[in-house]
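What follows is the residue order along each chain.
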Amino acid sequence: MLDIRNLSVEFKLGKKSVKAVNNVSLKINENETVCLIGESGSGKSVLGLSILKLLPENVKISGEVYYKNKNLLSLPEKELKNIRGKIIAWIPQTSSALNPVITVGEQIAEPLIYHLKLDKKRAWRRVIDLLNFFSIIPAEKRAKQYPHQYSGGMKQRALVAMGISAEPEFIIADEPTKGLDIVKKFNVIEAFKKIKKKKLSQLIITHDLHLAEVIGDKISVMYCGQVLEVCNKNRFFNEPLHPYSKALLEALPDRGLKPIRGFPPSMVNPPSGCKFHPRCDYCLDICKRKEPPFFKVEDSLVRCWRYDNWKESN
Ligand SMILES: Nc1ncnc2c1ncn2[C@@H]1O[C@H](COP(=O)(O)OP(=O)(O)OP(=O)(O)O)[C@@H](O)[C@H]1O
Ligand code: NI
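Residues numbered from 1 in each chain as written. Chains lettered and ligands numbered in written order. Predicted model: local features only at pLDDT ≥ 70, side-chain atom pairs only at ≥ 80, totals over all residues. Heavy atoms only, no water.

Using the following cut-off: UniProt positions are given in the numbering used here, feature names are shortened, and annotations may be inferred rather than shown by experiment.
Identification of the protein chain as Nickel import system ATP-binding protein NikD from Methanocaldococcus villosus KIN24-T80 is taken from an unreviewed UniProt entry. You can read under Catalytic activity (unreviewed entry) in the UniProt record for the protein chain the words "Ni(2+)(out) + ATP + H2O = Ni(2+)(in) + ADP + phosphate + H(+)". Taken directly from UniProt, the Subunit (unreviewed entry) text for the protein chain runs: "The complex is composed of two ATP-binding proteins (NikD and NikE), two transmembrane proteins (NikB and NikC) and a solute-binding protein (NikA)."

Have a look at this one:
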C-alpha cells in the first residue's frame, strides 16, 4: 500500500548538512500497523512528515514514496492537498496542534466539510459520533468546548478523532502517547485499537514500546536516519535480530534497565560503516569500514553484517 523507496531527507545548516533520513526503504501493507521506534533524534518524525511533504521548503528530499502506485513526492501540491487528511491522515503531537480559539467540534468538522463536502448539520452529527466513539463525553457538551477545557489525554484523543474524521485509508501518528500518564495513555491506546478494527493501515511513530507491543503488527527500528530492522512484532519482542534492537529492549525497566552504552551519534558527522558500531557489543571488523545492506532473515530485514551469509551458516 505504502512503499517508501530509498528515501533521503537532507537539511541544509549553513555550510553543513544533516541527513535526517538516509536511504530508507519501508513497506506498509493494507490493514497493517507498523510502529517506527528508535531513540530521540533518529529521524522518525522527519520520515513521517516527508511522506506527505509536510517539511519546510529548504529540505532536499530524494527517493520515492509510492501510495497505491502513485509517487506522492512528485505529485503537484494541489493533488497532495486532496490526499492529506482525506486519504492519508497525519495525527500530530498534542499541545500546539489544536487551534486554541476554535471549538474542538468545529476543528473536527473542518475536514468533513472540506474533504467530504458534508453540510454543517451532518458534519456536526458526525463530530458527535466521533467524540462518543473515543469516549470524549458528554459529546454534545465537549464538542462546544475549546481545547484548554480538555485534559491532555482528551486533547490527544480529539486529535485522533480529527485525523480519522474524513475516513482516511492510512494514518500516520507522531508520538500519540507522549507525555501522558498511565490512565490517559491507556485511553489513547484503546482509541488506536478501535482504529485498527476499522481496517486502516497505520504508521505509528513512538518511543513507547508498550504502545508498539499492543498495536503494532510490525516494528521498524530507526537509528541515525536509517532503518536497521523491520520485523514482525513477535520477533521483535522475543528474539530481535539487530544488536540495537536487543539493546533497546534490554533498556526497558522490566527487562533489566540496562542503558545503551555511549551516546547517539552526531547526524552531521555520522560514524563510518555501520552507524551503530561504536556502541555495539557484537561489532566485527567490517562493521567499522563498510555500511551493511539489508539482509533478509526469514521474513525480517536486518542491516547488520552478522547476518551476512546467514543462509550458509544456518
Ligand atoms: N527543521 C529542521 N532543521 C534542521 N534539522 C532538523 C530539522 N528538523 C529535524 N532536524 C534534524 O533531523 C534529525 C531527526 O529529527 P526527528 O525529529 O525526525 O527525530 P525523531 O526521531 O523524531 O526524535 P524524537 O523521538 O525526539 O521526536 C535531528 O537530528 C534534527 O537535528
Ligand atoms: Ni519525533
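**Quick notes on the site of ligand 1**
Which entries qualify depends on this criterion: We call a residue near a given molecule or strand whenever any one of its heavy atoms falls within 4 Å of it. What qualifies as a polar contact is a pair of N or O atoms within 3.5 Å, subject to a donor-acceptor requirement within protein and to the restriction that residues adjacent in sequence count only when both atoms come from side chains. Computed with the Shrake-Rupley method and a 1.4 Å probe, the accessible areas treat only the protein chains shown as cover for residues. Working definition: helices are DSSP H or I runs of at least four residues, strands are E runs of at least two. Numbering for both runs from the N terminus. Each residue gets one label: Ala, Val, Leu, Ile, Met, Phe, Trp, Tyr, Cys and Pro are nonpolar, Asp, Glu, Lys and Arg are charged, and the others, such as Gly, are polar.
Taken together, 14 residues form the shell around ligand 1, and within it S40, G41, K44, S45 and H207 come nearest. In this structure, S42 approaches ligand 1 through a main-chain N or O atom, which is 3.1 Å from an oxygen atom. The side chain of K44 places a nitrogen or oxygen atom 2.8 Å from an oxygen atom of ligand 1. Contact with the protein chains hides 68% of the accessible area of ligand 1, taken as 640 Å² for the molecule alone. Taken together, the elements giving at least two residues each to the shell around ligand 1 come down to strand 1 (2–13) and helix 1 (44–51). In terms of residue count, helix 1 provides more of the shell around ligand 1 than any other element does, three residues in total. Taken together, the residues of the shell around ligand 1 break down into five nonpolar, six polar and three charged.

**A closer look at the sheet that holds strand 12 (residues 300–302)**
What counts is decided by this rule: Here a strand pair is declared whenever DSSP counts at least two bridges between the two strands. Only C-alpha atoms enter the line fits that serve as axes; for helices the fit covers just the stretch in contact. Angles between N-to-C directions range over 0 to 180 degrees. In this description, contact between two residues means that some pair of their heavy atoms is separated by no more than 4.5 Å.
Taken in spatial order, the eight strands of this open sheet run 6-7-8-3-9-10-12-11, and their pairing is mixed. Strands with a single pairing partner mark the edges of an open sheet, and in this sheet they are strand 6 (88–91) and strand 11 (295–297). Going from strand to strand, the sheet's axes swing by 20° on average, the running direction of each strand aside. Sheet topology places strand 10 (residues 226–232) next to strand 12; two bridges connect them, and they run antiparallel. Across the sheet, residue V230 finds its bridge partner in strand 12, namely L301. Across the sheet, helix 1 lies against strand 3 (33–37), strand 6, strand 7 (170–174), strand 8 (201–205) and strand 9 (218–223), angled at about 145° from strand 8, the strand it touches most.

**Topic: helix 6 (residues 152–164)**
Keep this limit in mind: Any helix carries an expected span of 1.5 Å times its number of residues minus one. Think of it in three bands: residues with accessible area under 20% of the maximum for their type are buried, residues over 50% are exposed, and the middle band is partly exposed, with areas taken using a 1.4 Å probe on protein chains only.
Here helix 6 contains 13 residues, and its C-alpha end-to-end distance of 19 Å stays within 8% of the 18 Å for a straight helix at 1.5 Å per residue. Counting buried residues in helix 6 gives eleven out of 13 residues, a clear majority hidden from the surface. Among the residues of helix 6, G153, M154, Q156, R157, A158, L159, V160, A161, M162, G163 and I164 are the ones counted as buried. Turning to helix 6, the residues buried within the fold contact strand 6, helix 3 (104–114), helix 4 (120–133), helix 5 (139–143), strand 7 and helix 7 (182–197).

**Examining the sheet that holds strand 2 (residues 16–28)**
Read from one edge to the other, the open sheet built from four strands follows the order 2-1-4-5, with strand pairing classed as antiparallel. Where the open sheet ends on each side, the last strands, each with one partner, are strand 2 and strand 5 (70–71). For strand 1 and strand 2, the ladder comprises nine bridges, and the chain directions are antiparallel. Note that in strand 2 the partner of L2 across the bridge is I28. Each of strand 1, strand 2 and strand 4 (59–67) touches helix 1; the most contacted strand, strand 1, lies at about 115° to it.

**As for the packing of aromatic side chains**
To keep it simple, the criterion reads: For Phe, Tyr and Trp, rings pair up if their centres lie within 6.5 Å, where Trp contributes its six-membered ring, and each pair is then called stacked (planes under 30 degrees apart), edge-to-face (over 60) or tilted (otherwise). Note on geometry: a ring has a charge over it if NZ (lysine) or CZ (arginine) is within 6 Å of the ring centre and within 35 degrees of the ring normal.
With the rule as written, the count across this model stands at seven aromatic pairs. Centroid distance Y223 to F276: 5.1 Å. Interplanar angle 85°. Geometry classified as edge-to-face. Taken together, the residues Y223 in strand 9 and F276 in the loop between helix 10 (243–250) and helix 11 (285–289) connect sequence positions 53 residues apart. A relative accessible area of 2% means that F276 is categorised as buried. Taken together, Y223, Y244 and F276 form an aromatic cluster joined through their ring pairs. For K246, the ring lying beneath its charged end belongs to Y282, and the centroid distance is 5.9 Å. Positioned over the ring face of F294 is R303, at 5.3 Å from the centre of the ring.

**Some thoughts on the pattern of salt bridges**
The line we're drawing: By definition, a salt bridge exists where a carboxyl oxygen of Asp or Glu is found within 4 Å of a side-chain nitrogen of Lys or Arg.
Following the criterion strictly, the structure yields 20 salt bridges and no others. Among the ionic pairs, R126 bridges to E167, the shortest N-O distance being 3.5 Å. With R126 in helix 4 and E167 in the loop between helix 6 and strand 7, this pair connects stretches of sequence that are 41 residues apart. Among the residues examined, E167 registers a relative accessible area of 52% and is labelled exposed.

**Regarding the pairing of strand 9**
For strand 9, the buried fraction is high: five of the six residues fall into the buried class. By the bridge criterion, four bridges tie strand 3 to strand 9 in an arrangement that is parallel. Across the sheet, the residue bridging to V34 is K218, located in strand 9. Summarising the sheet, strand 9 and strand 10 pair through six bridges and their orientation is antiparallel. Residue pairing across strands places I219 opposite C231, the latter belonging to strand 10.

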